[in-house]
Structure formats: structure tokens, C-alpha cells
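# Topology and contacts: notes
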Amino acid sequence: MARRIEGRLVIATHNAGKLWEMRELLAPYGVDAVSAGELGLPEPEETGTTFAANALIKAQAAARAANLPAFADDSGLCVAALGGAPGIYSARWAGEQRDFAAAMARIERELQAAGARQPWRAYFISALAVAWPDGHTEEFEGRVDGDLVFPPRGAKGFGYDPIFLPDGLAKTFGEMMSVEKHAIPADGSRALSHRARAFQALARACLAP
Ligand code: IMP
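Below: a short report on this structure.

How each quantity is defined
Residues numbered from 1 in each chain as written. Predicted model: local features only at pLDDT ≥ 70, side-chain atom pairs only at ≥ 80, totals over all residues. Heavy atoms only, no water. Near = heavy atom within 4 Å. Polar contact = N/O pair within 3.5 Å; in protein donor to acceptor, adjacent residues only side chain to side chain. Areas by Shrake-Rupley, 256 points an atom, 1.4 Å probe, with all protein chains shown as cover. Helix = DSSP H or I, 4+ residues; strand = E, 2+ residues; numbered from the N terminus. Nonpolar A, V, L, I, M, F, W, Y, C, P; charged D, E, K, R; others polar. Buried < 20%, exposed > 50% of the residue type's maximum accessible area, 1.4 Å probe, protein only. Pairing = 2+ DSSP bridges. Core = buried A, V, L, I, M, F, W, Y, C linked by side-chain atoms within 4.5 Å. Contact = heavy atoms within 4.5 Å. Salt bridge = Lys/Arg side-chain N within 4 Å of Asp/Glu carboxyl O. Axes fitted to C-alpha atoms, helices over the stretch in contact; angles between N-to-C directions.

### A closer look at the site of the ligand
Taken together, 15 residues are adjacent to the ligand, and K18, S75, F100, D161 and H194 come closest. Taking D74, its side chain carries an N or O atom lying 3.4 Å from an oxygen atom of the ligand. Taking 490 Å² as the accessible area of the ligand by itself, protein coverage stands at 89%. Elements that contribute at least two residues to the shell around the ligand include exactly β3 (70-79) and α5 (194-206). No other element matches β3, which puts three residues into the shell around the ligand. Of the residues in the shell around the ligand, the class split is five nonpolar, five polar and five charged.

What follows is the structure in C-alpha cells.
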């Protein structure tokens with residue numbers, strides 16, 4: 001049995017967008033989300049070699065520092081023909097300037113240099129971790145598979161959204177409204193995005209209905 005999340009929860013992020021999204025998702029369950037930024041907690045170094053390890057490092061550091069249960073996530077894009085790159089380095093490929101046009105161009109260049117046959121398969125992954133001050137942890141993952149398309153299409157999303165065409169759909173993530181991507185269907189059917197799928201798994205295990 002997974003441990004339930006109740007009362008106050010630290011969201012181990014200094015990213016205002018992520019905090020806002022998590023607050024929205026958690027509000028219906030009566031969870032009071034406070035951010036690591038608001039509590040003035042330090043940001044640990046992400047030294048893990050997997051998404052799950054990095055999510056756990058962030059959640060455990062915040063749980064210890066705040067003496068409250070803490071939640072963290074780590075996500076990225078993995079390209080099959082590039083051996084899973086950029087993977088945990090997805091943000092870093094965009095550099096200090098957060099230049100995702102350049103990061104997407106690099107992916108296309110490397111796929112061409114490798115002589116990779118199309119379709120260029122890839123997936124987005126989101127690892128979520130919850131850590132309690134007594135050391136207990138829970139971990140969840142969500143994934144969405146698709147093809148990469150060039151040139152990039154759509155300006156609605158962020159990051160690598162414009163090159164990701166999810167299986168079975170005709171629009172890239174960059175051509176979709178945020179709700180189409182991230183919504184958690186009220187009828188219990190499967191969400192689309194990696195992040196929403198991971199949250200569905202967490203909600204089923206750790207949040208009261
Ligand atoms: P982090 O989880 O904040 O470390 O960010 C991982 C990186 O992966 C982000 O900078 C994004 O570029 C990329 N990424 C993660 N999820 C998505 C998504 O849903 N769309 C586009 N890019 C994403």
C-alpha cells in the first residue's frame with residue numbers, strides 16, 4: 001500500500017509555472033502545496049543518472065529541509081536513434097539562453113549525421129517522487145511515445161513540443177492547447193502527456209478520491 005499524501009506538501013521546485021500547475025492538480029484533493037522557493041529552501045544539485053534518481057534527490061532534500069512531505073519531478077525527451085539523448089540533459093541542450101530552437105536543430109542534425117531511418121521515434125518521460133521526513137518514498141513515472149517531425153510545428157507549447165507528434169494524433173504538442181496535453185480526464189480515461197500520466201498514477205496511489 002502506498003502512503004497517502006495529506007495536509008501540507010512542499011513542491012520542490014523554484015519554477016513558478018510548475019508550482020502553479022501542481023497547485024491546480026492538488027487542490028481538489030485538499031492538499032495545501034507550498035513551494036521550496038517560498039520556504040527559501042536551497043536547490044540541490046541534480047547528480048542522478050536517471051530521471052527517477054533526480055526527482056528523488058530533489059524530493060528528499062526538500063523533505064529533510066522543511067520537515068514536511070515533499071514532491072519533485074524530473075522530465076525530458078529521449079530519442080531512440082540517439083541512444084536516449086538528450087534525456088536527463090534535455091534542459092541543458094537548450095543552454096543558458098533556453099534556446100530550444102537550437103536544441104531541436106541539434107537533434108535533427110545528429111539524427112541526420114547518424115543516418116537514422118525515419119520515423120524518428122522518441123518519448124517524453126516524467127518521473128515523480130514523494131519523500132517524507134522519516135525517509136519513506138514513493139515514485140511514479142509517465143511516458144508518451146511519438147515521432148519527431150521537422151521543421152518544428154506550432155507555437156503553443158514550450159521546450160521540445162513543436163517536434164513531438166504523439167502516436168495516433170495529427171497535431172504536434174506545439175500545435176495543441178495546454179489543456180489538450182495536460183488535462184486529467186474526469187472520466188478516469190488515460191491522459192495524454194507524460195506529466196499528466198505520471199500524476200494520474202500518483203493520484204491513484206497517494207491521494208484520497
Ligand atoms: P526539468 O524537468 O525541469 O528538468 O526539464 C526538463 C526539460 O525537458 C525541459 O527543459 C523541457 O525542455 C523538456 N520537457 C519536459 N517536458 C516537456 C514537455 O511536455 N514539452 C516539451 N518539453 C518538455
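Right, picking up where we left off after that structure.
### Notes on unusual backbone geometry
For the bond running from Q118 to P119, omega is 0°, close enough to zero to count as cis. Mapped onto the secondary structure, P119 falls in the loop between α3 (100-113) and β4 (120-131). Not every positive phi belongs to a glycine, and N67 is a case in point at roughly 55°. Looking at the secondary structure, you find N67 in the loop between α2 (51-66) and β3. Phi is positive for R98, close to 50°, though the residue is something other than glycine. On the basis of relative accessibility, which here comes to 55%, the residue R98 falls in the exposed class.

### Considerations on the pairing of strand β1 (residues 8-11)
Pairing between β1 and strand β2 (residues 32-35): four bridges, direction parallel. The residue of β2 that forms the bridge with R8 is D32. Strand direction decides the pairing type here: β1 and β3, joined by two bridges, are parallel. Directly across from I11, in β3, lies its bridge partner F71.

### Digging into the nonpolar core
Of all hydrophobic cores here, the largest spans 23 residues; its most connected members are L77, V79, I107, L111, L148, Y160 and I163. Mapped onto this core, the elements with two or more residues apiece are β3, α3, β4 and β5 (137-148). Looking at which element gives the most residues to this core, the answer is α3, with five residues.

### Describing the environment of H194
For H194, the location among the structural elements is in helix α5. A residue is classified by how much of its surface remains accessible, and H194, at 3% relative accessible area, is buried. Between the C-alpha atom of H194 and that of A170, which follows or precedes it by 24 residues, the distance is 18 Å. Once residues lying within four places of it in the same chain are set aside, the contact partners of H194 are S75, F124, I125, S126, G142, R143 and V144.

### Some points on the pattern of salt bridges
All told, the structure shown has 15 salt bridges when counted by the stated rule. When the shortest N-O distance is used, the salt bridge between R3 and D134 registers 3.0 Å. Linking R3 in the segment before β1 with D134 in the loop between β4 and β5, this pair joins segments that are 131 residues apart in sequence. On the basis of relative accessible area, R3 is assigned to the partly exposed category, the value being 29%. Owing to a relative accessible area of 55%, D134 belongs among the exposed residues under this scheme. A salt bridge links D147 to R121, with the nearest nitrogen and oxygen atoms 2.7 Å apart.

### What about the sheet that holds strand β6 (residues 164-166)?
Here we have six strands laid out as an open sheet, ordered β2-β1-β3-β4-β5-β6, and mixed in their pairing. The sheet is open, and its two borders are formed by β2 and β6, each paired with just one other strand. Mean inter-strand twist for the sheet, computed between neighbouring axes without regard to direction, equals 35°. Where α2 meets the sheet, it contacts β1, β3, β4 and β5, and its direction lies at approximately 165° from that of β3.

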